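Inside the fold
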Amino acid sequence: MVGMSEPCIGVLALQGAFREHRRALERCGARTVEVRRADQLNQIAGLVIPGGESTTIGKLLADWNLLEPLRERSRGGMPVYGSCAGLILLCTDIENSDQPRLGLLDATVRRNAFGRQRDSFEADLPLPEVGTEPFHAVFIRAPVLLRTGPDVRVLADVDGRPVAVRQGTLLATSFHPELTEDLRLHDYFLDMVRETPTRGQPS
Ligand code: GLN
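Everything numeric here is computed off the predicted structure, so don't read it as measured data.

What counts as what
- Residues numbered from 1 in each chain as written.
- Predicted model: local features only at pLDDT ≥ 70, side-chain atom pairs only at ≥ 80, totals over all residues.
- Heavy atoms only, no water.
- Pairing = 2+ DSSP bridges.
- Helix = DSSP H or I, 4+ residues; strand = E, 2+ residues; numbered from the N terminus.
- Axes fitted to C-alpha atoms, helices over the stretch in contact; angles between N-to-C directions.
- Contact = heavy atoms within 4.5 Å.
- 1 Å grid on protein atoms, 1.4 Å probe; cavity = no way out; pocket = protein on both sides within 12 Å on 5 of 7 lines; lining within 4 Å.
- Points joined across faces, edges and corners; volume = space filled by probe spheres on them.
- Nonpolar A, V, L, I, M, F, W, Y, C, P; charged D, E, K, R; others polar.
- Buried < 20%, exposed > 50% of the residue type's maximum accessible area, 1.4 Å probe, protein only.
- Polar contact = N/O pair within 3.5 Å; in protein donor to acceptor, adjacent residues only side chain to side chain.

Further remarks concern the sheet that holds strand E2 (residues 31-35). A sheet is described by the order of its strands in space; here seven strands give the open sequence E2-E1-E3-E4-E12-E11-E10, paired in mixed fashion. At either end of the open sheet lies a strand with only one pairing partner, and these are E2 and strand E10 (153-158). Geometrically, the sheet is characterised by an average inter-axis angle of 20° between neighbouring strands, direction not taken into account. Here strand E1 (residues 8-12) pairs with E2 via five bridges, running parallel. Note on E2: the bridge partner recorded for Gly10 is Val33. Sitting on the sheet, helix H5 (residues 184-195) touches E1, strand E3 (46-49), strand E4 (80-83), E10, strand E11 (161-167) and strand E12 (170-173), and the angle it makes with E12 is about 165°.

Right, here's the structure in full:
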């Protein structure tokens, strides 16, 4: 049973794999809500930005006047987890692109970084932050980080390029944990939300 004291996690539901993230979070015991409007940000203690197409999600965030309210909540301490396109949208710098973004994660990202030959692939990645067993990571036209700022901690890499990082209350992965049965990253994000002093709720 989901306790009412459990924080409510928003899943940005403009485009992409939001249903899979909801399912994973709910399997971890969280309450979830699909977020499409700025006023809904008041109900949530954390937000997941799913994979999909970052240019589309970014354009919809801009069209729906969600960029600034979301930046404000994040700067106010609400944890945010971005996977794949979600990671791209969190970054301050996107190589060769001026597409809309939140620009909260001090990093430079390269989209579709693995090229055609490794367009989509799976890999067992050491991810000590969530446990000793490797994490089975699914990459789909995935980005990598080319640069990370001093406050960004690398949690996992592929060939020396970061694919999972944390900067304070921001978590980002190039891959899609919501497409596997491994709930450790969603659990880890829920712990980040529970550890937030105000539980990420606006005062
Ligand atoms: N290649 C996509 C983009 O640039 C991201 C792919 C994904 O989210 N699986 O937005």
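This paragraph deals with empty space enclosed by the protein. Taken as a whole and judged by the stated rule, the model has one cavity of 30 Å³ or more. Volume-wise, the largest cavity comes out at about 40 Å³. Residue composition of the lining of the largest cavity, grouped by class: three nonpolar, one polar and five charged.

Turning our attention to the side chain of Glu34. The topology assignment puts Glu34 in strand E2. When its relative accessible area of 17% is taken as the criterion, Glu34 is described as buried. Polar contacts involving the side chain of Glu34 include one to the side chain of Arg22, which spans 3.0 Å. Apart from residues no more than four positions distant in its own chain, Glu34 is found in contact with Val11, Ala13, Phe18, Arg22 and Gln40.

This brings us to the sheet that holds strand E5 (residues 91-94). Strand order in the open sheet formed by three strands is E5-E6-E9, with mixed pairing between adjacent strands. With one partner strand each, in any of the chains shown, E5 and strand E9 (144-148) form the two edges of the open sheet. Taken over all neighbouring pairs, the strand axes of this sheet differ in orientation by 35° on average, direction set aside. Bridge analysis of E5 against strand E6 (residues 105-110) gives three bridges, and the strand direction is parallel. Bridged to Cys91 within E6 is Leu105.

By themselves these figures say nothing about function.
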